[in-house]
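Remarks on the overall topology
The chain contents come next:
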Amino acid sequence: LGTNAAFPPFEYVDGAKIDELKETCYTINNLCAGEHTISIKAVGDGWYDSNFSNITVVIKGQKIKVYIDISETQWSYCYAWVWDDMDNNYTGGQWPGLRLSSEEINGKKWYVFEHNDLMCKAVNLVISNGNGDQTYDIVDISGVVRISLTKQNDDYMWTANVQSGSPTELQQ
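Along each chain, numbering runs from 1 in the same order as the chain's sequence is written. In keeping with the predicted nature of the model, local features appear solely for residues at pLDDT of at least 70, side-chain atom pairs appear and are counted solely at 80 or more, and the whole-chain, interface and lining totals rest on all residues. Hydrogens are left out, water is left out, and the side-chain values use all remaining heavy atoms of the structure.

**Comments concerning the overall build of the chain**
Defined as follows: Secondary structure elements are taken from DSSP: a helix is a run of H or I of four residues or more, a strand is a run of E of two residues or more, and numbering for both begins at the N terminus. Contacts are assigned to residue pairs with any non-hydrogen atoms lying within 4.5 Å of each other. Here the open area of atoms and residues is found with the Shrake-Rupley method and a 1.4 Å probe, where only the protein chains shown may cover a residue.
When helices and strands are counted, the chain shows zero helices and 15 strands. Sequence-distant contacts in the chain: of pairs separated by 6 or more residues, those separated by 24 or more amount to 48%. Carbon and sulfur atoms provide 44% of the accessible area of the chain, an area that totals close to 10,400 Å².

**Regarding the pattern of salt bridges**
This is how it is decided: For this document, the term salt bridge refers to a Lys or Arg side-chain nitrogen within 4 Å of an Asp or Glu carboxyl oxygen. For each residue, the accessible area found with a 1.4 Å probe, counting protein chains only, is set against the maximum for its type, and the residue is called buried under 20%, exposed over 50%, and partly exposed in between.
The full count for this structure, using the stated rule, is two salt bridges. Of the charged contacts, one joins Glu114 and Lys65 as a salt bridge, the two residues approaching to 3.9 Å between their closest N and O atoms. With Glu114 in strand β10 (residues 108-118) and Lys65 in strand β6 (residues 62-69), the pair connects residues that are 49 residues apart, well separated along the chain. The class for Glu114 is partly exposed, based on a relative accessible area of 43%.

**Re the pairing of β6**
Put simply, the test is: DSSP bridges decide pairing: two strands pair if at least two such bridges lie between them.
A large share of β6 lies buried, amounting to six of its eight residues. Sheet topology note: the β6/β10 ladder contains six bridges and is antiparallel. Bridge pairing in β10 places Tyr67 opposite Val112. Sheet analysis places β6 next to strand β14 (residues 143-152), joined by six bridges and oriented parallel. Counterpart to Ile64 in the pairing with β14 is Gly143.

**What to know about the packing of aromatic side chains**
For any two aromatic rings, the description comes down to two numbers: the centre-to-centre distance and the angle of the planes. Quick note on the threshold: In this scheme Phe, Tyr and Trp rings, the latter by its six-membered ring, pair at centre separations within 6.5 Å, and the angle between planes marks the pair as stacked below 30 degrees, edge-to-face above 60, and tilted otherwise. Counted as over-ring charges are cases with an Arg CZ or a Lys NZ within 6 Å of the ring centre that also lie within 35 degrees of the ring normal.
Following the criterion strictly, the structure yields four aromatic pairs and no others. Pairing Tyr67 with Trp110 gives two aromatic rings, centres 6.5 Å apart and planes at 85 degrees, and the pair type is edge-to-face. Placement of Tyr67 in strand β6 and of Trp110 in strand β10 is noted, with a sequence separation of 43 residues between them. Like Trp110, Tyr67 is buried. The cationic tip of Arg99 hangs over the ring face of Tyr77; the distance from NZ or CZ to the ring centre is 3.7 Å.

**Focus on the nonpolar core**
Nonpolar side chains in soluble globular proteins tend to end up buried together. The line we're drawing: For our purposes a nonpolar core is just a set of buried Ala, Val, Leu, Ile, Met, Phe, Trp, Tyr and Cys residues, chained together by side-chain atoms within 4.5 Å.
Val66, Ile68, Cys78, Ile127, Ile141 and Ile147 are the most contacted members of the largest nonpolar core, which has 22 residues in total. Broken down by secondary-structure element, the contributors of at least two residues to this core are β6, β7 (79-83), β10, β11 (123-128), β13 (138-141) and β14. Leaving out residues up to four positions away in the same chain, Ile68 has contacts with Cys78, Leu100, Lys109, Trp110, Tyr111, Ile127 and Ile147.

**A short note on the environment of Gly143**
Relative to the assigned elements, Gly143 resides in strand β14. The spacing of Gly143 and Glu114 is 29 residues in sequence and 9.9 Å in space, taken between C-alpha atoms. In contact with Gly143, other than residues within four places in its own chain, are Lys63, Ile64 and Lys65.

**Thoughts on the side chain of Ser128**
Let me state the cut-off plainly: Any N or O atom pair separated by 3.5 Å or less is treated as a polar contact, with the protein-specific requirement of one donor-capable and one acceptor-capable atom, and with residues adjacent in sequence counted only for side-chain atom pairs.
Residue placement: Ser128 occurs in strand β11. Take Ser128: its relative accessible area is 1%, and that puts it in the buried class. Polar side-chain contacts of Ser128 include one of 3.1 Å to the backbone nitrogen of Gly130. The contact partners of Ser128, leaving out residues within four places of it in the chain, are Trp75, Cys78, Tyr79, Trp95, Pro96, Asp133 and Gln134.

**Details of the pairing of β14**
Two elements, β14 and strand β15 (residues 157-164), share seven bridges in a ladder whose sense is antiparallel. Counterpart to Lys151 in the pairing with β15 is Thr159.

See the structure below:
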């Protein structure tokens with residue numbers, strides 16, 4: 001596609017945007033990991049519109065790390081059921097999902113879910129005790145986040161408070 005920074009923004013034929021121009025590297029949103037063949041057009045004021053067809057794009061998997069605080073639940077452990085919008089499951093495919101291990105950070109126990117090759121940009125998850133108590137669907141989780149379970153409703157569903165960053169970023 002070239003390295004000319006004066007190029008206008010690019011977009012897919014289907015309208016999704018390519019947000020960032022850095023030499024020959026373009027940031028493309030709305031595609032999951034894998035190999036894709038796409039068509040791109042440069043949009044300008046008419047005299048320099050260009051079309052690029054059958055370009056192969058390889059998108060690497062995304063990384064995620066979720067720290068979960070269950071101290072208000074009285075659970076002894078927790079499970080994570082994790083999936084994405086393309087129906088990929090990252091926790092074994094059988095309910096209640098993956099039993100999480102814990103680590104102590106700044107004197108507090110955190111249960112951790114980590115995956116280094118997600119197929120999509122974000123995931124959804126349910127946290128449970130594997131025995132009926134759980135959260136509602138927690139959607140669109142990406143990067144590094146902390147989740148604290150704070151209040152159980154009458155239907156045995158726990159409220160999840162989601163914040164970006166790791167527990168080490170908390171003030172002591």
